[in-house]
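Fold and geometry: a report
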Amino acid sequence: MGLNDTPLANRIHIGFFGRRNAGKSSVVNAVTGQELAVVSDTKGTTTDPVYKSMELLPLGPVVIIDTPGYDDEGHLGELRIRKTRQVLNKTDIAVLIVDALEGRGTCEEELLHLFREKELPYLVVYNKSDLLTDIPQAGEREIYVSALEKREIHELKEKLGALAPKEGNGVRLVADLIGPKDFVVLVTPIDSAAPKGRMILPQQQAIRDVIDADAAAIVVKESELKETLENLGKRPSLVVTDSQAFGRVSKDTPEDIPLTSFSILMARYKGILDYTVPGAAYINRLKDGDRILIAEGCTHHRQCDDIGTVKLPRWLREYTGKQLSFEFCSGTEFPEDLSAYAMVLHCGGCMLNEREIRYRMKCARDQGVPMTNYGVAIAHIHGILKRSIEMFPHLAAEYPDEKR
């Protein structure tokens, strides 16, 4: 997979923040070497976050985010500030742009407080240093630059590179669960919801991860699984299925073959599986009238039998026998106040970076709202979650046997 093909969720997200007219867009353009953002002397030129995927050395594949001024005014200004705060939830490295002539004020201190509160690595960049008579000694997290004269821009990029989060914690999507020469069967239903002519992102990533582990990936539809397993001639080390086919795939996969889903693997990869598995057990405690939030990290055209808005609500009502109500959110919209909900069901999060999906989990945990994801919930409903997490002994030991 080339740098240009790196999924957004796997790229380092660098957010540029500051007050209006501090020169955020000018610094962004200088760092990227491209005219990504409109530059003007008029305050508030950037009205919405601007995203750009690119390769930025020495960091590699990144997403650059230019945000509206944090000191914006009026009703529209409040909306822009809210957008800026949302960007913080997905930011891996925060860059505070300060007008070197004006220095730091209340706006900048508030942003720095938010960076520290969210435990973000950050850098304070004093722009317009070409207008200073004397350039002060920069602190450890500071640098003086001139976007106009392209001064100290290379040094700025080097400092950003030093702040880059270390690659993962040894967790892979699937490669650390298998060995060289192993066979892995990936079950990928092809229906009206599947992207035409291609596979969904978790399936693509799983195939690549299996190959990187020097193993072999065998990809089949759920209707071909049973015959494939009978004719394979060798026991696969793992079967991974799309969650929607969990019921049938579980029946067609012998008990001695480990089974899980793309969604469960994605939850582990994003660092939330330890929270979503206990969250699924709460499904059995839902009551009449409970409100459930179903959240998706991407926006897409809804099909007539959409998993989030149609299938999951139907399955939950059938499984619990309760009169439940559902609300939905997608994309970057995720309510900060979850107190109205009995629980949150989230998609696999393949389009969200780890920081944002962990932020959403933290929102739920801090407010005492159970949260699980699609794959974990579907496995629970089908009574096969215990089997689906057997390769993670610490979770399997804590999860009760599925009983109604």
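Preceding block: the structure.
None of these values were measured; they are calculated from a predicted model.

Reading guide: rules and limits
- Residues numbered from 1 in each chain as written.
- Predicted model: local features only at pLDDT ≥ 70, side-chain atom pairs only at ≥ 80, totals over all residues.
- Heavy atoms only, no water.
- Helix = DSSP H or I, 4+ residues; strand = E, 2+ residues; numbered from the N terminus.
- Buried < 20%, exposed > 50% of the residue type's maximum accessible area, 1.4 Å probe, protein only.
- Contact = heavy atoms within 4.5 Å.
- Core = buried A, V, L, I, M, F, W, Y, C linked by side-chain atoms within 4.5 Å.
- Phe/Tyr/Trp six-rings, centres within 6.5 Å; stacked < 30°, edge-to-face > 60°.
- Lys NZ or Arg CZ within 6 Å of the ring centre and 35° of its normal.
- Axes fitted to C-alpha atoms, helices over the stretch in contact; angles between N-to-C directions.
- Parallel < 35°, antiparallel > 145°, perpendicular 65-115°, else oblique.
- Nonpolar A, V, L, I, M, F, W, Y, C, P; charged D, E, K, R; others polar.
- Pairing = 2+ DSSP bridges.
- Right-handed = clockwise from strand over helix to strand, strands pointing away.

1. Focus: the side chain of Thr 276
- Following the sequence through the fold, Thr 276 ends up in helix α9 (residues 273-280).
- Take Thr 276: its relative accessible area is 1%, and that puts it in the buried class.
- Among all residues touching Thr 276, those that are not within four sequence positions of it are Ala 267, Met 371, Thr 372, Asn 373 and Val 376.

2. Brief notes about the nonpolar core
- With 80 residues, the main nonpolar core has Ile 264, Ile 292, Leu 338, Leu 385 and Ile 389 as its most contacted residues.
- The contacts of Ile 264, once residues within four sequence positions are left out, are Phe 246, Leu 273, Gly 375, Val 376, Ala 379, Leu 385, Ser 388, Ile 389 and Phe 392.
- Formed by 25 residues, the second largest nonpolar core is a distinct cluster that contains Leu 56, Val 95, Ile 143 and Ile 153.

3. Thoughts on the packing of aromatic side chains
- Evaluation of the coordinates by the stated rule reveals three aromatic pairs.
- Sitting over the face of the ring of Tyr 122, Arg 141 holds its NZ or CZ atom 4.4 Å from the ring centroid.

4. Notes on the packing of helix α1 (residues 24-32) against helix α4 (residues 153-163)
- Where α1 contacts α4, the axes come no closer than 9 Å and their chain directions differ by 85 degrees. The angle between α1 and α4 places the two elements in the roughly perpendicular class. For the pair α1 and α4, contact is made by Val 27, Ala 30 and Val 31 and by Ile 153, Leu 156 and Lys 157, respectively.
- The residue inventory of the contact of α1 with α4, partitioned by class, reads five nonpolar, no polar and one charged.

5. Comments concerning unusual backbone geometry
- Located in the positive-phi region is Lys 150, a residue other than glycine, with phi close to 55 degrees.
- Phi angles above zero are rare outside glycine, and Asp 214 is one such case at about 60 degrees.
- Within the element layout of this structure, Asp 214 appears in the loop between α5 (201-212) and β8 (216-220).

6. Let's talk about the environment of Leu 88
- Looking at the element boundaries, Leu 88 is found in helix α2 (residues 74-88).
- Along the chain, Leu 88 and Lys 118 lie 30 residues apart, while their C-alpha atoms are 8.2 Å from each other.

7. What to know about the pairing of strand β9 (residues 238-241)
- Because side chains alternate across β9, one face comprises the buried residues Leu 238 and Val 240, and the other comprises Val 239 and Thr 241, equally buried.
- Examined bridge by bridge, strand β7 (residues 183-187) and β9 share four bridges and lie parallel to one another. Paired with Val 185 across the strands is Val 239, a residue of β9.
- Two strands pair when backbone bridges link them, and β9 and strand β10 (residues 259-261) are joined in this way by three bridges, in the parallel orientation. In the sheet register, Val 240 faces β10, and the bridge partner there is Thr 260.
- Following the backbone out of β9, through helix α7 (residues 246-252) and into the adjacent parallel β10, one traces a crossover that is right-handed.

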